[in-house]
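# Descriptive analysis of the structure
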Amino acid sequence: MGAPDGPVLGDTAARLRAISDELSDRFFERADVVRTLLVTLLAGQHSLVLGPPGTAKSEMARELTGRIDGASYWEILLSKFTAPTRMFGPIDVAALARGEYRQVYEGRATTAHIAFVDEIFKCSTAALNETLGYLNERIYHPENGGEPIRCPLIGAITASNELPVGEDSAAIYDRLLVRIEVGYLEDPSNFASLVRSAVTRPKAPRRTTVELVALQEAVTEGVPSVAVPDAIVDAVCTLRAALRRKELVASDRRWRQAVGLLQASAYLDGRPAVAETDLSVLTHVLWNSPAERPTVEREVLHLVNPDAKEALDLADTIEELEAQLDAMAGQSREALSDWVIKKAHNKLATAGRRLEQLREEAANAGRSTSAIDRVTGRQRAVRARVLTEALGVDASAVQAQV
């Protein structure tokens, strides 16, 4: 279990945390994405990674699944012409020549423990019902009408470049409990590191793994045994009411399934009971369109993490500065320098110092720092843009400073 030079870990949750740390080091600006994918698998649920091409969606799924020893992995890129048999089992031609109608299931969705389905909303009409049955009940109905096949699927990681259009794809969208947005790298220093990695030989990374049977036991026994205190139930009810006042309504089924995510988040952190910090995962559950996500995030963090709520207020200031920088495109270096000196530098520096204080306060109080870290990443990214685009500072020098 794990590479010989990897850490020696005594339990499943510790191994999964190590995997999360290793993948977060490998994939720039994806720490929250990696952790959320792990939490979703632990809850036995399905996730959607929504973002443009070239944002490491499939690579993250493959690398994550490759850390689960003994797991059968299946992936497919869907199109409107993908037949159900290509997904769940092609016809056995040799058997057909003998007058027998059989399908070959090995290496298909029907035998996978984890599936990665790219362009999920391009699922063909012919495959729609079988795909829904596969996601909902983990079953497949053979083409010959035989007994339904129970599939060992723990969870599916799906991806798309766009939101669903039409009732068919909307039905699939509703079955994906967790929805995660990803974009291109924002921090110029991270982008510089990405470019540098293309021309340098990387060191052999740590490669912690976890046994399939251990993961399955965590999903079926470990996570469900995590306690959900009454205070958490009350917090969830309060959050639901707050979102309804803003006309953001999630189904009862989605709320009920979200409880498993809270338990999975606590399990991953090695805690026996759900805490307020685990409610942060709901920011990936309770929105239907990306435009709704900031509102959901603010309501969640207002409830569970006042430090993070202030961080989001600082994020508004940072976004305004970036918008001003975009609006000044084409202006002279003198005008840009004047703007940096009079406005941008002080505001970004003040935001950076306050974010450091908020993180320290949150960490000392045992609260999650993930939202603060994300805003800090934006502050550093915008600061780096200001230095490189407005002042002409070399990206390598920026990387050394941030």
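The structure we're discussing is the one just above.
Before going into details, it helps to say that this report is about the structure given with it.

Definitions and limits used
Residues numbered from 1 in each chain as written. Predicted model: local features only at pLDDT ≥ 70, side-chain atom pairs only at ≥ 80, totals over all residues. Heavy atoms only, no water. Helix = DSSP H or I, 4+ residues; strand = E, 2+ residues; numbered from the N terminus. Rg over C-alpha atoms; globule rule 2.2 N^0.38 Å. Buried < 20%, exposed > 50% of the residue type's maximum accessible area, 1.4 Å probe, protein only. Contact = heavy atoms within 4.5 Å. Core = buried A, V, L, I, M, F, W, Y, C linked by side-chain atoms within 4.5 Å. Pairing = 2+ DSSP bridges. Phe/Tyr/Trp six-rings, centres within 6.5 Å; stacked < 30°, edge-to-face > 60°. Expected span 1.5 Å × (residues − 1). Axes fitted to C-alpha atoms, helices over the stretch in contact; angles between N-to-C directions. Patch = residues over 30% accessible without salt bridge, like charges linked within 9 Å, V, L, I, M, F, W, Y side chains within 5 Å. Areas by Shrake-Rupley, 256 points an atom, 1.4 Å probe, with all protein chains shown as cover. Salt bridge = Lys/Arg side-chain N within 4 Å of Asp/Glu carboxyl O.

Let us look at the overall build of the protein chain. Helix and strand counts for the protein chain come out as 16 helices and nine strands. Taking 2.2 N^0.38 as the reference for a compact globule, 402 residues should give roughly 21 Å; the C-alpha atoms of the protein chain span a radius of gyration of 23 Å, in line with that estimate. When its C-alpha atoms are laid out on the principal axes, the protein chain stretches across 80 × 50 × 50 Å. The proportion of buried residues among the 402 residues of the protein chain is 48%. Of all intrachain contacts in the protein chain linking residues separated by at least 6 positions in sequence, the fraction that spans at least 24 positions is 74%.

Moving on, we get to the nonpolar core. Generally speaking, a soluble globular protein has its nonpolar side chains buried in company with each other. The biggest cluster of nonpolar side chains holds 111 residues, and the ones touching the most others in it are Leu42, Tyr134, Ile172, Leu282 and Leu286. It is helix α14 (residues 333-364) that provides the largest number of residues to this core, a total of nine residues.

A separate point is the pairing of strand β7 (residues 155-160). By the criterion of burial, β7 is predominantly enclosed, with six of the six residues buried. Residues Gly155, Ile157 and Ala159 point to one face of β7 and Ala156, Thr158 and Ser160 to the other, with burial holding for every one of them. For strand β1 (residues 47-50) and β7, the ladder comprises four bridges, and the chain directions are parallel. Among the inter-strand pairings, Leu48 is bridged to a residue of β7, identified as Thr158. When strand β4 (residues 114-118) meets β7, the two strands line up parallel, connected through five bridges. In the sheet register, Phe116 faces β7, and the bridge partner there is Ile157.

Centre distance and the angle of the planes are the two values used to describe a pair of aromatic rings. According to the stated counting rule, one finds four aromatic pairs in the structure shown. Consider the rings of Phe88 and Tyr140, whose centres lie 4.7 Å apart with planes at 10°: the pair is stacked. Placement of Phe88 in helix α4 (residues 84-88) and of Tyr140 in strand β5 (residues 139-140) is noted, with a sequence separation of 52 residues between them. An identical accessibility class is assigned to Phe88 and Tyr140; each is buried.

Time to look at helix α6 (residues 125-137). Over its 13 residues, α6 extends 19 Å from the first C-alpha to the last, a length consistent with the 18 Å expected when each residue adds 1.5 Å. Within α6 the residues assigned to the buried category are Ala127, Leu128, Glu130, Thr131, Leu132, Gly133, Tyr134 and Leu135. A positive phi of about 60° marks Arg138, the residue just after α6.

The next thing to look at is the sheet that holds β7. Reading across from one edge, β3-β4-β7-β1-β8 is the order of the five strands in this open sheet, with parallel pairing throughout. The open sheet is flanked by β3 (73-77) and β8 (178-181), the only strands paired with a single partner. Between one strand and the next, the sheet's axes are offset by a mean angle of 15°, whatever the strand orientation.

Let's shift gears to the environment of Leu301. Locating Leu301 in the fold gives a position in helix α12 (residues 293-304). It is 9.0 Å that separates the C-alpha atoms of Leu301 and Leu312, two residues lying 11 residues apart in sequence. Those residues in contact with Leu301, other than ones at most four positions away along the chain, are Ser280, Pro306, Ala308, Lys309, Leu312 and Ala371.

On to unusual backbone geometry. Here the phi dihedral of Ala56 falls at roughly 70°; this positive angle occurs in a residue that is not glycine. The topology assignment puts Ala56 in the loop between β1 and α3 (57-65). A positive phi angle, close to 60°, is found at Arg138, a residue other than glycine.

With that settled, consider a nonpolar patch on the surface. Taken together, the side chains of Phe191, Leu194 and Val195 define a hydrophobic patch exposed on the protein surface, amounting to about 270 Å² of accessible area. Locating Val195 in the fold gives a position in helix α8 (residues 188-197).

Tracing the backbone through its elements, the reader meets Arg385 in helix α15 (residues 370-390). Among the residues examined, Arg385 registers a relative accessible area of 14% and is labelled buried. Each C-alpha atom, one on Arg385 and one on Glu186, is 8.9 Å from the other, the two residues being 199 residues apart in sequence. Those residues in contact with Arg385 that sit more than four places away from it in its chain are Pro188, Glu322, Leu325, Asp326 and Ala390.

For a regular strand, side-chain orientation follows a simple rule: the groups alternate between the two sheet faces. Most of β4 sits inside the fold, with five of its five residues counted as buried. Alternating positions in β4 separate into two faces, Ile114, Phe116 and Asp118 on one and Ala115 and Val117 on the other, with burial throughout. With five bridges connecting them, β3 and β4 associate as parallel partners. Each residue of the ladder has a partner; that of Ile76, found in β4, is Val117.

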